[in-house]
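Given next are the chains, with one letter for each unit.
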Amino acid sequence: MPSAPTSPFEARRLAAVHKLRLLGTPAEERFDKITRLARHMFEVPMACLDIVGEKLAWLKSVQGFDGIEGLRKDSYCHYRVLDDGVCLVQDARTDARVFDSVLADYWVFYAGAPLHFEGERVGVLCIGDSNPRDFDEEKMSSLIDLASLAERELQLAALSEAQVALAASHEELEMKARIDVLTHLWNRGAILDIANAECAAAQIDKPMAALMLDIDHFKAINDTHGHPAGDEVLRVVASRLRSAVRKSDAVGRYGGEEFLVILPDADLVTAAHISERIRQEVASSPISFGELTIAVTCSIGYSIVQNAVQDAISSLIGRADSALYRAKSSGRNRVEVGAASYDADKIADAVGV
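Below, the structure is looked at part by part. Small disclaimer: the values here were computed from a predicted structure and weren't measured. (Residues numbered from 1 in each chain as written. Predicted model: local features only at pLDDT ≥ 70, side-chain atom pairs only at ≥ 80, totals over all residues. Heavy atoms only, no water.)

### Some thoughts on the nonpolar core
- In terms of nonpolar packing, the biggest core is built from 58 residues, with Ile-51, Ile-127, Phe-135, Leu-154 and Trp-186 touching the most fellow members.
- Not counting residues up to four positions away in its chain, the partners in contact with Ile-51 are Val-17, Leu-20, Leu-22, Leu-23, Leu-56, Ala-57, Trp-58, Lys-60, Val-122, Gly-123 and Leu-154.
- Grouped together as the second largest cluster of nonpolar side chains are 37 residues, Ala-209, Val-261, Ile-287 and Val-337 included. (Core = buried A, V, L, I, M, F, W, Y, C linked by side-chain atoms within 4.5 Å. Buried < 20%, exposed > 50% of the residue type's maximum accessible area, 1.4 Å probe, protein only. Contact = heavy atoms within 4.5 Å.)

### Concerning a negative patch on the surface
- A grouping of Asp-134, Asp-136, Glu-137 and Glu-138 is seen on the molecular surface, where their side chains present a negatively charged patch.
- Overall, the relative accessible area of 65% leaves Asp-134 in the exposed class. (Patch = residues over 30% accessible without salt bridge, like charges linked within 9 Å, V, L, I, M, F, W, Y side chains within 5 Å. Areas by Shrake-Rupley, 256 points an atom, 1.4 Å probe, with all protein chains shown as cover. Salt bridge = Lys/Arg side-chain N within 4 Å of Asp/Glu carboxyl O. Lys, Arg positive; Asp, Glu negative; His and termini not counted. Charge placed at Lys NZ, Arg CZ, Asp CG, Glu CD.)

### Here we look at the packing of aromatic side chains
- Under the counting rule described, the total for this entry stands at four aromatic pairs.
- Relative to Trp-107, the ring of Phe-65 lies with its centre 5.4 Å away and its plane at 90°, an arrangement referred to as edge-to-face. Of this pair, Phe-65 sits in the loop between β2 (56–63) and β3 (69–71) while Trp-107 sits in the loop between β4 (87–89) and β5 (109–117), and the two are 42 residues apart along the sequence. The same class applies to Phe-65 and to Trp-107, which are both buried.
- Centroid distance Phe-109 to Phe-135: 5.6 Å. Interplanar angle 55°. Geometry classified as tilted. Of the two residues, Phe-109 sits in strand β5 while Phe-135 sits in the loop between β6 (120–129) and α4 (137–154), which places them 26 residues apart along the sequence. Grouping residues by exposure puts Phe-109 and Phe-135 together as buried.
- One aromatic cluster is present, built from ring pairs that chain together Phe-42, Phe-109 and Phe-135.
- Directly above the aromatic system of Tyr-254 lies the positively charged group of Arg-188, at a separation of 3.9 Å from the ring centroid. (Phe/Tyr/Trp six-rings, centres within 6.5 Å; stacked < 30°, edge-to-face > 60°. Helix = DSSP H or I, 4+ residues; strand = E, 2+ residues; numbered from the N terminus. Lys NZ or Arg CZ within 6 Å of the ring centre and 35° of its normal.)

### Looking at the layout of surface pockets
- Here the largest pocket is characterised by a volume of approximately 510 Å³.
- The wall of the largest pocket is formed by 22 residues, among which Val-62, Gln-63, Arg-235, Val-236 and Ser-239 lie closest to the centre.
- Taken together, the elements giving at least two residues each to the lining of the largest pocket come down to α2 (29–41), β2 and α8 (227–244).
- The element that contributes the greatest number of residues to the lining of the largest pocket is α8, accounting for seven residues.
- Partitioned by chemical class, the residues of the lining of the largest pocket number five nonpolar, seven polar and 10 charged. (1 Å grid on protein atoms, 1.4 Å probe; cavity = no way out; pocket = protein on both sides within 12 Å on 5 of 7 lines; lining within 4 Å. Points joined across faces, edges and corners; volume = space filled by probe spheres on them. Nonpolar A, V, L, I, M, F, W, Y, C, P; charged D, E, K, R; others polar.)

### Some points on the pattern of salt bridges
- This model, assessed by the stated rule, comprises 21 salt bridges.
- For Asp-32, the salt bridge goes to Arg-242, with nearest N and O atoms at 3.0 Å. Residue Asp-32 is located in helix α2, and its partner Arg-242 is located in helix α8; the two are separated by 210 residues in the primary sequence. Considered together, Asp-32 and Arg-242 belong to a single accessibility category, that of buried residues.

Everything listed here is a matter of coordinates, which is why it stays silent on function.
Here it is in C-alpha cells:
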C-alpha cells in the first residue's frame, strides 16, 4: 500500500491522542452504542471506532469482526486523520491508495469520518463491507453526524484512574497484552492489577466491591452447539456486562466463562443493585448465532472491602468466589453476597433481590 503522507502537525495530534487517554483501554458501552447504530443505519456488516496512535490504530469499539488493534500503516484510517471529511473507498481492490493493503480483500468497501478532540483528529468512526458499495452525499453527511455524537463522548472522562493508569503504563505495541481478544475486556492480569490499585485507594467512606460472575451451564453450550457458538455467547455476555455497569467500573475476563467486575466507591447496597442489574441484563433475551437461539443466564457473587490490608484483594475475591459458588449450588441465575457478617436479608430487602 502506498505510504500516506504525514501531517506536519503530527506531534500536536499525538499530544491530543495521549491526553484523551483511551489508547490501550477496553471496549466501552458508550462507544459500542454508536458503532451498533452505524452498522444498522447503513446496513453494513462491520463498524468500528479507532483511536489512531503513533504506530497503532486502536479499535476502541468493534462490530462484526474480531480485532483489538492494527498497525497504523496498514489501516485505511491513517488517511482519515490527515484531513476532514469522509474517506471513501468504494472498492479497495481497484483503489490506488489501498489496493495492496492487507485489508483489501476483507474491507472492500470503507467509509470513515474523523473524530476530533481539542481540535485535533484523534480517531475515526468507520463502516465496512466485504463487497463494493455506493455511498452518496446524504449518507456521508449521516456518518459525520454519528461521528459528532462519538466526539461528545470523547470529551467525557469515564474509566477510573486505575484503568487509565494501567493502559498508560505500556508502550503502544504492548497494549494488546492487557486486553482479552475475544471479549475486548481487560484480561485476568490487567483486572487484578486494577483491583489492587482500587483496593489501595478504598476508604471507609469510599469502599469498593468485587463481583464474580459465571455463565450458567457454559460447558453444555459448547458441547451442544460447538465452540464458535460458545465464543459468541462470551462476546454478547461481555457486551451486556459493559452496558449494565457504571462507566467507572472495570470489567475483566477472569477465566474461561468467568468474569471479575471491580466496583470502586461502591457499598454493599450499590454492589447488590449492580449485581442484580447485570443478572437481569445477561438473561434479558436469547443470544442469536446463525439459526440458533441460546438462552443464557449467569450466577453472581459479590463482596466488599473498606480498608486496604495485606492480601485484601485475594480475600475480597475469595469471598466473592465463595458467594458465586453458593449462587450456583442454590439453583443458578441468582446473586449472593460474600460474607457471613453481612446482613444479607437486609440487603436483599433493600434492593428487591
